[in-house]
Amino acid sequence: MTFLRKPRSRTAAFLPLSLLFLKILQPGHSHLYGNRYAGDKVIRLIPSTEEEANALKKMYHQLKVDLWQPSSIFHVSKGAVTDVHIPKNGSQVLLAFLQEANIQYKILIEDLQKTLEKASSLRTQRNRRYLSGYNYEVYHSLEEIQNWMHHLNKTHSGLIHVFSIGKSYEGRSLFVLKLGRRSRTYKRAVWIDCGIHAREWIGPAFCQWFVKEALLTYRSDPIMRKMLNHLYFYIMPVFNVDGYHFSWTSDRFWRKTRSRNSRFRCRGVDANRNWKVKWCDEGASMHPCDDTYCGPFPESEPEVKAVATFLRKHRKHIRAYLSFHAYAQMLLYPYSYKYATIPNFSCVESAAYKAVNALQSVYGVQYRYGPASSTLYVSSGSSMDWAYKNGIPYTFAFELRDTGHFGFLLPEMLIKPTCTETMLAVKNITMHLLKECP
């Protein structure tokens, strides 16, 4: 079956003039993380027995691997795909072990440094071609994203209002963009956040794309017009600002926040395990060096506390919460911390079903959908469960492209198709909630 692609439109040609004159150049990585990933590999394995799974867990622990999928060693189990980023010196040991134990594996990325450098040189070429405006088809640094937000705040004051909800651990402002037609009457709202996990760069790219599409199509698309006339959208393009900045300057595969711990030299907390809902239970770690560290107490991270405070304050009119992650191609809804059916399951499930079908209609990309606990894995202290428990009836988490071929290094040429299809899913969910859900 072939899926027809729409001809590539020169988005720039239709951008509002104010966006065309925004000249922000994206610096290529000249130092590229100080060559730290030379010879590193990303390997995919599927343990076929519990014994193999346990042997792998031990091995991962010894070699201090960077687990891409699943997020925690705890979830490595029989039949479950595990994608692992392993440093050069550990890869020989791991490969020898796999061959000896006769565990099937596949090398997804042969040399991580080379893959990063190739992406970087492509970015530089793309930017040279695109000096006339803000390019939504490349990844942007935190500074560029914040400049972009302030620019839109000045040039589109009829639909956009940018404000700060607090400061990060390292003192950066936590900006939120309020999108929608100003109205004297009461309006319900949708919250959208991207970039809770620093290395998942496609998230912030989607948040920016969503805003761009809203501004571009507000006049021409009746669905978008209805959305912006009837709802406000609170959009936080980069939730974990410190971590995201660090993933640009120091470690491309950093996941957590950047807070310091008094007793351990390891930094950061998993901002999606730090919420006050079954905090630090299954699927979260109590150890500060782990990628799923839940933090010293719930809302210990200023970023989490700021968003939780904002959502609590506005929970009466925020009807939906959407959070964007990568990678797995899934659309998830509660619960994440337990295997149980939510009270408004039928409405949420049908919204997810329609959204996934709409997404697939563009390029044929297939998403799985369902409760997070049974579709992905059990995890406690997540923002989605917290939002649901705190009175927001429709909460979803997207795991965007892909399913592991590129993993966290989704090439920039895939930003446009990924965002185009995701846009349809989000519009679908929003319209479903407006029309069919109480």
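So, a few notes on the structure that sits alongside this text. (Residues numbered from 1 in each chain as written. Predicted model: local features only at pLDDT ≥ 70, side-chain atom pairs only at ≥ 80, totals over all residues. Heavy atoms only, no water.)

## What to know about the pairing of strand S12 (residues 394–400)
Then, number 1: In terms of burial, S12 is a largely internal element, seven of the seven residues being buried.
Then, number 2: Residues of S12 alternate between two faces, with Tyr394, Phe396, Phe398 and Leu400 on one and Thr395, Ala397 and Glu399 on the opposite face, all of them buried.
Then, number 3: Bridge analysis of strand S9 (residues 318–326) against S12 gives seven bridges, and the strand direction is parallel. Residue serine 323 lies in a different strand from S12, and its bridge partner there is alanine 397.
Then, number 4: As defined by bridge partners, strand S10 (residues 330–333) adjoins S12 across three bridges and the pair is classed as antiparallel. Bridged to methionine 330 within S12 is glutamate 399. (Buried < 20%, exposed > 50% of the residue type's maximum accessible area, 1.4 Å probe, protein only. Helix = DSSP H or I, 4+ residues; strand = E, 2+ residues; numbered from the N terminus. Pairing = 2+ DSSP bridges.)

## Here we look at the state of the cysteines
Then, number 1: Taken as a whole and assessed by the stated rule, the structure comprises three disulfides.
Then, number 2: At a sulfur-sulfur separation of 2.1 Å, the disulfide partner of cysteine 194 is cysteine 207. In this structure the cystine formed by cysteine 194 and cysteine 207 twists about its S-S bond by roughly 85°; its chirality is therefore right-handed. You can see cysteine 194 sitting in strand S7 (residues 188–194) and its partner cysteine 207 sitting in helix H7 (residues 202–217), a full 13 residues away along the chain.
Then, number 3: Of the residues examined, cysteine 194 reaches a relative accessible area of 0% and is grouped as buried.
Then, number 4: Between the sulfur of cysteine 280 and that of cysteine 294 lies a disulfide, 2.0 Å long from S to S. Torsion about the S-S bond of the cysteine 280 and cysteine 294 cystine: about -65°, corresponding to left-handed handedness. Here cysteine 294 lies in the loop between helix H9 (241–249) and helix H10 (302–313) and cysteine 280 lies in the loop between H9 and H10, a separation of 14 residues in the sequence. (Disulfide = S-S within 2.5 Å.)

## Focus on the pattern of salt bridges
Then, number 1: What the rule picks out here adds up to 16 salt bridges.
Then, number 2: Ionic pairing is found between lysine 305 and glutamate 299, a salt bridge with its closest N-O pair at 3.7 Å.
Then, number 3: By relative accessible area, lysine 305 is classed as partly exposed at 44%.
Then, number 4: Look at glutamate 299 and you get buried, because its relative accessible area is 8%. (Salt bridge = Lys/Arg side-chain N within 4 Å of Asp/Glu carboxyl O.)

## Topic: the layout of surface pockets
Then, number 1: Roughly 1,100 Å³ of volume is contained in the largest pocket.
Then, number 2: Around the largest pocket, the lining is made up of 31 residues, and of these Lys64, Val65, Cys289, Asp290 and Asp291 lie nearest the centre.
Then, number 3: Sorting the residues of the lining of the largest pocket by element identifies helix H3 (50–63) and strand S2 (66–69) as the ones contributing at least two each.
Then, number 4: The residue makeup of the lining of the largest pocket, split by class, is 12 nonpolar, eight polar and 11 charged. (1 Å grid on protein atoms, 1.4 Å probe; cavity = no way out; pocket = protein on both sides within 12 Å on 5 of 7 lines; lining within 4 Å. Points joined across faces, edges and corners; volume = space filled by probe spheres on them. Nonpolar A, V, L, I, M, F, W, Y, C, P; charged D, E, K, R; others polar.)

## Considering the environment of aspartate 40
Then, number 1: Along the polypeptide, aspartate 40 turns up in the loop between helix H2 (17–20) and strand S1 (41–45).
Then, number 2: Here the alpha-carbon distance between aspartate 40 and arginine 263, two residues 223 residues apart in the chain, equals 30 Å.
Then, number 3: Those residues within four positions of aspartate 40 in sequence are excluded, and the remaining contacts are His85, Ile86, Pro87, Lys88, Ile109, Glu110, Asp111 and Leu112.
Then, number 4: A polar contact of 3.1 Å, which involves the side chain of aspartate 40, links it to the backbone nitrogen of lysine 88. (Contact = heavy atoms within 4.5 Å. Polar contact = N/O pair within 3.5 Å; in protein donor to acceptor, adjacent residues only side chain to side chain.)

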